[in-house]
Amino acid sequence: MSAPRGTNPQDPRDSRQDSRPDPEDLRPDRRGSRPDQGAADETPRTPATSPVDSDPDAVEAAYDAAFDQALALARAHTTTPHPRPAPTDAPDPASVLAEEDAPEKPREAYDWAAVYDAEDETGGAEARTGDAWTAIEEAWTGDVPATETRADGTSAGDGRRDAGPVAPHRDSASAEDTTHGPDRRAAPSSRSRSAAVRTWEEARGIALRAARETVARTAARPVPLLPLEEARGLALAEPLTALTDLPSFDTSAMDGWAVAGPGPWRLLPGAKVLAGHQLTGADGRLDDGAAVPVATGARVPGGTTGVLRSEHGEVTAEGTRLHALRPLAQGEDIRPRGQECRTGDALVDEGTVVTAPVLGLAAAAGYDAVRAHPRPTAEIFVLGDELLGKGIPADGLIRDALGPMLPAWLDALGTRVLGVHRLRDEEDCLAEALAASEADLVLTTGGTAAGPVDHVRPVLSRLGARLLVDGVAVRPGHPMLLAATAPGQHLVGLPGNPLAAVAGLLTLAAPLLAVLAGRDELPLARLPLGERAEGHPRDTRLLPVRVHGGRLCPLRYNGPAMLRGIANADSLAVVPPGGAEAGTAVEVLDLPRAGGCFT
């Protein structure tokens, strides 16, 4: 769950940013190569520090643009002459083909791709399996068709999100089988994030549909009848209807006197009506002109025309007569039978979470037990040899923040956590753990990229899982994934960085768990921003915010590896690509809180 080795996961501006090639260095001319391109071993220039470098969002935007340019540079080498595969004994990006007039392998593109993949946690120069590296390699070796040219002269595949000629990695875990031509070969351990990545809205929709399909398959199973004390926090499996009128008799709403007819009234000697009791004698009725002391919640005697509050009446000195200090209306301070509901009325809908008020209403309506959906179960596998379970981080090790954090949020999402397990960075270890899990939802932390110890995707393929979401266009958290691992079981792969994992939890796990628990889909409110929210150039951004005065206030410390911002937040703002200005209404994700509540 860590950032790439040798980096500070708590620093949003890692020193690697300063070592990336300048985007301008990678800009091709009309022939597809830089005007100043020299020998194959020429080292790309390192950009000097500039105002852009001080802004992480601007840096990311600049190097997203550099990806487009680097990919265009690589593709330019695949047109004329026809590309030839690189020699197997000379895999270095600086190598050139032995034949005369062979095109030079685009070292600048490869150098940039290695740095980008290390930053993006999808591989690196040693592994040579990252997203950018694979895209450049496929374009170079001709594993994909030549770039199509649009009518306006632009390339049909330019850009990271719609790079058509770059084939996404697909394996047996893929959710959708896209037919490839006979010459199209997917990289063995990587994927291009261009075609496979889902938008944030699409990813949430897929999670909801996956859960609904599971619920539909199990619809015939009986839902248990649970005592009220065991139903708290669960979702009702059927509407709650009244078993009796509420109230079931005419009730005094205040302490005072039950009176009949106009006053003044004579007090019945020695008589009073308390809660749980009724007037004795005379068939429990008051004659006109009579009054009797009555307590709040007590059944008013028959013939009562109103209840005179204690502060609105005065008893004569001899204690036999009652006078009103203000006019009394007919039926005043009497709760008539059936005022709240009649027998058979619907009180709350199916899917309503059994909160404290719902428990009280059910009891008042005559219920001893209700039918409620059991909690879905979850199991958490925390991956990473670099994680410490306790103590202060030291010697290249970091504390595991997700192991303590995820169970509390899963509980708030109505889920029963079966266990939290820390696993070594070994493929067999992960495969055995996933195969043995009987949870409705398996959560893994880390290992969702394409580095040498990122085993989640290979293990899913090995187990025959069906990949439903393979990357989401959201920051932080874009390497997240969702897979169907067995009938009725799903896996959500969370990125290892803490805030990125929170984004994955709320994007994929929360909607899925809500449906499995029988709850309504989690609503998304809209509130205006109190100030401009910076966005990602192409992806949705989930930004920790606080609600103050009806407006969203963005919080600092919102990098993927940071928890300081989310710890002080009550919501996540869903910021569209490109950002949003102050006053713009954006969607808001409430953060789950301990005890099954939301803000």
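Since the model is a prediction, treat every value here as computed from it, not as a measurement. (Residues numbered from 1 in each chain as written. Predicted model: local features only at pLDDT ≥ 70, side-chain atom pairs only at ≥ 80, totals over all residues. Heavy atoms only, no water.)

### Quick look at the overall build of the chain
Item 1. When helices and strands are counted, the chain shows eleven helices and 30 strands.
Item 2. Here the chain, with 599 residues, has 50% of them falling under the buried criterion.
Item 3. The long-range fraction of contacts in the chain, counting pairs at least 24 apart against all pairs at least 6 apart in sequence, stands at 71%.
Item 4. For the chain, the accessible area works out to roughly 27,500 Å², and carbon and sulfur atoms hold 51% of it. (Helix = DSSP H or I, 4+ residues; strand = E, 2+ residues; numbered from the N terminus. Buried < 20%, exposed > 50% of the residue type's maximum accessible area, 1.4 Å probe, protein only. Contact = heavy atoms within 4.5 Å. Areas by Shrake-Rupley, 256 points an atom, 1.4 Å probe, with all protein chains shown as cover.)

### Topic: the sheet that holds strand S18 (residues 416-423)
Item 1. Read from one edge of the open sheet, six strands run S18-S15-S19-S23-S22-S20, paired in mixed fashion. Two strands bound the open sheet, and with one partner strand each, they are S18 and strand S20 (466-470). Sheet twist, expressed as the mean angle between neighbouring strand axes with direction ignored, is 20°.
Item 2. Sheet topology note: the strand S15 (residues 377-383)/strand S19 (residues 441-445) ladder contains five bridges and is parallel. (Pairing = 2+ DSSP bridges. Axes fitted to C-alpha atoms, helices over the stretch in contact; angles between N-to-C directions.)

### Re helix H8 (residues 427-436)
Item 1. Looking only at H8, the buried set comprises Cys 429, Leu 430, Ala 431, Ala 433 and Leu 434.
Item 2. Each element contacted by the buried residues of H8 is listed here: S15, S18, S19, helix H9 (456-462) and strand S23 (489-494).

### A word on the sheet that holds strand S7 (residues 265-267)
Item 1. One open sheet holds the six strands; their spatial order is S9-S6-S8-S7-S11-S10, and the pairing between them is mixed. With partners counted over all chains shown, the strands left at the sheet margins are strand S9 (306-309) and strand S10 (313-315), one partner each. Strand-to-strand twist across the sheet, computed as the mean angle between neighbouring axes with direction ignored, equals 35°.

### A short note on the pattern of salt bridges
Item 1. Counted according to the given criterion, the structure contains eleven salt bridges.
Item 2. Its salt-bridge partner being Glu 427, residue Arg 462 comes within 3.4 Å of it at the nearest N-O pair. With Arg 462 in helix H9 and Glu 427 in helix H8, the pair connects residues that are 35 residues apart, well separated along the chain.
Item 3. You can call Glu 427 partly exposed: its relative accessible area is 28%.
Item 4. Between Asp 428 and Arg 462 there is a salt bridge, and its shortest N-O distance comes to 2.9 Å. (Salt bridge = Lys/Arg side-chain N within 4 Å of Asp/Glu carboxyl O.)

### Looking at helix H6 (residues 356-364)
Item 1. If you check which residues of H6 are buried, you get Val 358, Leu 359 and Ala 362. Along the axis of H6, the buried positions cluster into a sector of 100°, meaning they face one direction only. Opposite the packed face of H6, turned more than 90 degrees from it, sit the exposed residues Ala 356 and Pro 357.
Item 2. Next to the buried residues of H6 lie strand S4 (240-241) and strand S14 (369-373).
Item 3. Positive backbone phi, approximately 105°, marks Gly 366, located one or two places after H6. (Arc of directions from axis to C-beta.)

### Things to note about the packing of helix H5 (residues 200-217) against helix H10 (residues 498-516)
Each packed pair of helices is defined by two parameters, the angle between the axes and the distance between the axes.
Item 1. Two numbers describe how H5 lies on H10: the axes approach to 8 Å, and their chain directions differ by 25°. With respect to their mutual orientation, H5 and H10 come out roughly parallel. As H5 packs across H10, the resulting crossing turns out to be right-handed. Touching Trp 200, Ala 203, Arg 204, Ala 207, Leu 208, Ala 211, Arg 212, Thr 214 and Val 215 of H5 are Leu 506, Thr 507, Leu 508, Pro 511, Leu 512, Val 515 and Leu 516, all from H10.
Item 2. Classifying every residue of the contact of H5 with H10 gives twelve nonpolar, two polar and two charged. (Parallel < 35°, antiparallel > 145°, perpendicular 65-115°, else oblique. Left-handed = near helix turned anticlockwise from the far one by under 90°. Nonpolar A, V, L, I, M, F, W, Y, C, P; charged D, E, K, R; others polar.)

### Considering the packing of aromatic side chains
Item 1. Tallied over the full model, the rule gives zero aromatic pairs.
Item 2. Here the guanidinium or amino end of Arg 564 rests over the ring plane of Tyr 557, the centre of that ring lying 4.0 Å away. (Phe/Tyr/Trp six-rings, centres within 6.5 Å; stacked < 30°, edge-to-face > 60°. Lys NZ or Arg CZ within 6 Å of the ring centre and 35° of its normal.)

### Things to note about the environment of Thr 448
Item 1. Looking at where Thr 448 falls in the secondary structure, it is placed in the loop between S19 and H9.
Item 2. Setting aside residues up to four positions removed in sequence, Thr 448 forms contacts with Asp 454, Val 456, Arg 457, Pro 479, Leu 481, Gly 493, Leu 494 and Pro 495.
Item 3. From its side chain, Thr 448 meets the backbone oxygen of Pro 479 in a polar contact 3.4 Å long. (Polar contact = N/O pair within 3.5 Å; in protein donor to acceptor, adjacent residues only side chain to side chain.)

### Some words on the environment of Glu 581
Item 1. Turning to its location among the elements, Glu 581 is positioned in the loop between strand S27 (571-575) and strand S28 (585-590).
Item 2. Overall, the relative accessible area of 46% leaves Glu 581 in the partly exposed class.
Item 3. With 52 residues separating them in the primary sequence, Glu 581 and Leu 529 have C-alpha atoms 7.3 Å apart.
Item 4. Once residues lying within four places of it in the same chain are set aside, the contact partners of Glu 581 are Leu 529 and Arg 532.
Item 5. A distance of 2.7 Å separates the side chain of Glu 581 from the side chain of Arg 532, its partner in a polar contact.

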